[in-house]
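An overview of the molecular structure
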Amino acid sequence: MSVVRFEHVAKSLPYGFWLRRKQVLLDVSLTVERGEVYGFLGPNGSGKTTSLKCLLGLLRPDAGTVEIFGRPGNDPDARRKLGYLPEHPYFYPHLTGRELVDYFGRLFDLPSDVRRRRTDELIELVGMADKAAQPIKQYSKGMMQRIGMAQALINDPDLVILDEPMSGLDPIGRREVKDIILDLKARGTTVLFSSHILADAEALCDRVGLLFEGKIVRESGVDELLEGRVQYWDATCDDLQAEQVPGYRCRATQGDRLYFRITDADDLDRWIDIVRQAGGRVVQVSPHRHTLEDFFIGTIRGDRRLADGTGSEGPA
Amino acid sequence: MIGRIAAIATHTFKEAVRDRILVLFVLFAFAMMAASTVLSWLTVGSELKIVTDLGLGALALFGTMIAIFIGITLVHKEVEKKTIYAVLAKPVSRWQFLVGKYCGLMLTLAIVTGLMAVFYLALVWWKAGEFPVHLLAAVLLTYMELSIITAVAILFSSFTTPMLAAVFTVAVYVVGHLTWGLASFVEVAPGAATQYLVSMLYYALPDLETFNVRSRVVHGLPVGRDYVLDAIGYGLAYSAGMLTIATILFRRRDLT
Ligand SMILES: Nc1ncnc2c1ncn2[C@@H]1O[C@H](COP(=O)(O)OP(=O)(O)OP(=O)(O)O)[C@@H](O)[C@H]1O
Ligand SMILES: [Mg+2]
């Protein structure tokens, strides 16, 4: 059974004085399996937040179905084992961080001793131990994000939905959030998070879905995307002249050092043989792998070569 | 479920009592009650009546103002400030949220009316020389009126801005004190259709005069137990109706 399921979800939102409707989601279908870390990627305004709000029952989809643990998203019971960190979280300014986490613990009907223990643990985990007694109105953006992370975990959730968990955090904070996500994953918790920072997704996710203009344009495993997708190799050799390596275009020379860019694995093998037979020395062969960045930009531009990693030329 | 509603109610209560404006309202009410004693000196013979009448009036007026003032922002503020997202992403259904808010404000009003009532009853006690037991019913009925006004304010707050909600709620309050006239109008209204319409209107709008027993208590007349129980039943039923409609509207609402 999937933990999260979107099936052909469409949603329009009203805007302007006349409340004309803008079609924000056209067709969102995706599933998140138990224990997975799923990266929900897409550029600004592609509809990530809107999709997540549909999932949580904050918005009613115009069409399609959303399910959490096999129940409809607007069923409160479906949210018992769910943690949610909203985008740019904003919490009651008059409460202290600790009071906020405790209040949300009450909304899960947690007994007070469990609440107290988990609140302490989580405040420690998100590095807010010395600020938990301050009222939230004195919090910086990053502190708000941290306390938001703490409240999302108060019920020891089986599914955690994080809408841009790293936004507003300093490098240390990002590292800490990554560690929290990896820790959740290690404990078998399912994580669905949205982001446009691809390096984060690359480091954390099992699978990613790419949302663009309200449609899932691609969904696949991160490994599948990146594995073996060497775009090209930068190969360097010494002690040879360009003429001694026939059939290969030398990109640059520096004294008797030659620089090549090779896109095919067999070509690379032959190149190494030729260099060695000619008495040269292979100085360096460095593969350039595809990044999610390429995948992202490639898919959006409809550029299959870039998206699939079959392009002959990488970025200069 | 009860635990969650209670959590939302206590949170709402704590937030409400932090507001300094609440203290101001209560002080104003005290001042008005105190002023009524001064006024009563000018009218020889009916001193007690003046204090009883104006004091109860002040209690009802300031209670109503607080109910409207806080009620109209209760839901809207949470949506506007986006604090509601994290709350409704918990296993909290929308009706529980509304009922929690309602109970929180009713708790606030219980404390506030309680304070005003203590001051008021003490004042009358001092004037009359004996404890005015019959006024307890009047205070209780005033609180029931506030329960209706709160429910109406929350109903409007759940789908419109505080500004419009205030206008609508005040309108319901004013009309609510005139509806008893509608009841007698039903008999004399021309035509069956008009009669039907008028009686529909009568049932849709709250009959707030039910809770106004000032003219009785001013003359030292007790309010019957059955009358009080009926009025409480009416207040609870009407509030429940308002909250049901609020839930129906709010459940359909997109929280963008
Ligand atoms: N309340 C609203 N009313 C009307 N349109 C909205 C509303 N909220 C969002 N939109 C529109 O819906 C689209 C998707 O917005 P959404 O916030 O879901 O994007 P996102 O993918 O989360 O973007 P970001 O990466 O910037 O967070 C945008 O084009 C936005 O203009
Ligand atoms: Mg977003």
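Residues numbered from 1 in each chain as written. Chains lettered and ligands numbered in written order. Predicted model: local features only at pLDDT ≥ 70, side-chain atom pairs only at ≥ 80, totals over all residues. Heavy atoms only, no water.

**With respect to the overall build of chain A**
- On a plain count of helices and strands, chain A comes out with 10 helices and 14 strands.
- For chain A, the spread of C-alpha atoms along the three principal axes comes to 75 × 45 × 40 Å.
- Evaluated residue by residue, chain A yields a buried proportion of 51% over its 316 residues.
- In chain A, the share of contacts with a sequence separation of at least 24, taken over all contacts with a separation of at least 6, comes to 67%.
- For chain A, the accessible area works out to roughly 14600 Å², and carbon and sulfur atoms hold 48% of it.
- Counting 43 positive and 48 negative side-chain charges, chain A places the averaged centre of each group 6 Å from the other. (Helix = DSSP H or I, 4+ residues; strand = E, 2+ residues; numbered from the N terminus. Buried < 20%, exposed > 50% of the residue type's maximum accessible area, 1.4 Å probe, protein only. Contact = heavy atoms within 4.5 Å. Areas by Shrake-Rupley, 256 points an atom, 1.4 Å probe, with all protein chains shown as cover. Lys, Arg positive; Asp, Glu negative; His and termini not counted. Charge placed at Lys NZ, Arg CZ, Asp CG, Glu CD.)

**Overview of the site of ligand 1**
Residues and elements named next belong to chain A.
- As a matter of local geometry, ligand 1 sits amid 16 residues, with G45, K48, T49, T50 and E87 nearest to it.
- K22 places a side-chain nitrogen or oxygen 2.9 Å from an oxygen atom of ligand 1.
- Here an oxygen atom of ligand 1 and a side-chain polar atom of E87 are 2.5 Å apart.
- Bound to the protein, ligand 1 loses 71% of the 630 Å² it would expose on its own.
- Within the residue set of the shell around ligand 1, elements represented by two or more residues are β1 (4-15), β2 (20-32) and α1 (48-55).
- The leading source of residues in the shell around ligand 1 is α1, at 3 residues.
- The class makeup of the residues in the shell around ligand 1 is 4 nonpolar, 8 polar and 4 charged. (Near = heavy atom within 4 Å. Polar contact = N/O pair within 3.5 Å; in protein donor to acceptor, adjacent residues only side chain to side chain. Nonpolar A, V, L, I, M, F, W, Y, C, P; charged D, E, K, R; others polar.)

**Describing the coordination of the magnesium ion (ligand 2)**
Residue and element names in this part refer to chain A.
- Protein coordination of the magnesium ion (ligand 2) is provided by T49 (OG1) and E87 (OE), with donor distances spanning 1.9 to 2.3 Å. Of this pair, T49 sits in helix α1 while E87 sits in the loop between β6 (82-85) and α2 (97-107), and the two are 38 residues apart along the sequence.
- Relative accessible area serves as the criterion here: at 25%, E87 is assigned to the partly exposed category. (Donors = N, O, S within 2.8 Å, 3.2 Å for Na, K, Ca; no water.)

**Points about the confidence of the model for chain A**
- When pLDDT is averaged along chain A, the result is 88; 92% of the residues meet or exceed 70.
- Low pLDDT, under 50, characterises residues 309-316 of chain A; the predicted model gives this stretch 16 contacts beyond four residues in sequence or across chains. (pLDDT = per-residue confidence, 0-100.)

**Things to note about the state of the cysteines**
Residues and elements named next belong to chain A.
- Throughout the structure, instances matching the rule amount to 0 disulfides over all chains.
- C237 supplies the cysteine sulfur nearest to C250, a cysteine that is in no disulfide, at a spacing of 7.6 Å.
- A residue is classified by how much of its surface remains accessible, and C250, at 21% relative accessible area, is partly exposed. (Disulfide = S-S within 2.5 Å.)

**Side note on the nonpolar core**
- Core analysis: the largest hydrophobic core is formed by 149 residues, its most contacted members being A:F104, A:I161, A:I181, A:L192, B:F97, B:M116 and B:Y120.
- Contacts of A:I181, omitting those with residues within four sequence positions, involve A:V37, A:L162, A:M166, A:V191, A:F193 and A:L204.
- With 13 residues, the next largest nonpolar core counts A:W233, A:L240, A:Y248 and A:I262 among its residues. (Core = buried A, V, L, I, M, F, W, Y, C linked by side-chain atoms within 4.5 Å.)

**A closer look at the pairing of strand β12 (residues 250-254) of chain A**
Residue and element names in this part refer to chain A.
- Sheet topology note: the β12/strand β13 (residues 257-262) ladder contains 4 bridges and is antiparallel. For Q254, the partnering residue across the bridge sits in β13 and is R257.
- Where β12 folds back onto β13 in an antiparallel hairpin, the turn is made up of 2 residues, including G255, whose phi is positive at roughly 65°. (Pairing = 2+ DSSP bridges.)

**Some remarks on the interface of chain B and chain A**
- Counting from both sides, the interface comprises 28 residues of chain B and, opposite them, 28 residues of chain A.
- Among the residues of chain B in contact with chain A, B:H11, B:K90 and B:P91 are the three that bury the most area, contributing 23% of the side total.
- At the boundary of chain B with chain A, the tally comes to 2 salt bridges.
- Across the salt bridge formed by A:D109 and B:R4, the nearest N and O atoms sit 3.4 Å from each other.
- The set of elements that each furnish at least two residues to the side of chain B that touches chain A consists of α1 (2-18) and α4 (84-88) of chain B.
- The residue makeup of the side of chain B that touches chain A, split by class, is 11 nonpolar, 5 polar and 12 charged. (Buried area = accessible area lost by both parts, 1.4 Å probe. Salt bridge = Lys/Arg side-chain N within 4 Å of Asp/Glu carboxyl O.)

**Some points on empty space enclosed by the protein**
Residue and element names in this part refer to chain A.
- Scanning the model with the defined rule gives 2 cavities of 30 Å³ or more in all.
- By volume, the largest cavity is sized at about 70 Å³.
- Every residue along the wall of the largest cavity is listed here: L85, L125, V126, Q145, R146, M149, P165, L169, G173, E176, V177 and I180.
- Elements supplying a minimum of two residues to the lining of the largest cavity: α4 (141-152) and α5 (171-186).
- Top contributing element to the lining of the largest cavity by residue count: α5, with 4 residues. (1 Å grid on protein atoms, 1.4 Å probe; cavity = no way out; pocket = protein on both sides within 12 Å on 5 of 7 lines; lining within 4 Å. Points joined across faces, edges and corners; volume = space filled by probe spheres on them.)

**Let's talk about the packing of aromatic side chains**
- Taken as a whole, this structure holds 16 aromatic pairs over all chains when the rule is applied.
- A centroid spacing of 6.2 Å and a plane angle of 5° characterise the contact between B:F28 and B:F62, whose relative ring orientation is stacked. Pair noted here: B:F28 is in helix α2 (residues 20-42) and B:F62 is in helix α3 (residues 47-80), with a separation of 34 residues, a long-range link.
- A relative accessible area of 6% places B:F62 in the buried class.
- With 5.1 Å between their ring centres and 45° between their planes, B:F156 and B:F168 make a pair best called tilted. One end of the pair, B:F156, is in helix α6 (residues 134-157); the other, B:F168, is in helix α7 (residues 162-176), and 12 residues separate them in sequence.
- B:F168 sits in the partly exposed class, given a relative accessible area of 34%.
- One aromatic cluster in this structure is built from A:F91, A:Y92, A:Y103 and A:F104.
- Stacked on the ring of A:F104, the Lys or Arg B:K90 has its end atom at 4.4 Å from the ring centre.
- The aromatic ring of B:F250 is capped on one face by B:R94, whose charged end is 5.5 Å from the ring centroid. (Phe/Tyr/Trp six-rings, centres within 6.5 Å; stacked < 30°, edge-to-face > 60°. Lys NZ or Arg CZ within 6 Å of the ring centre and 35° of its normal.)

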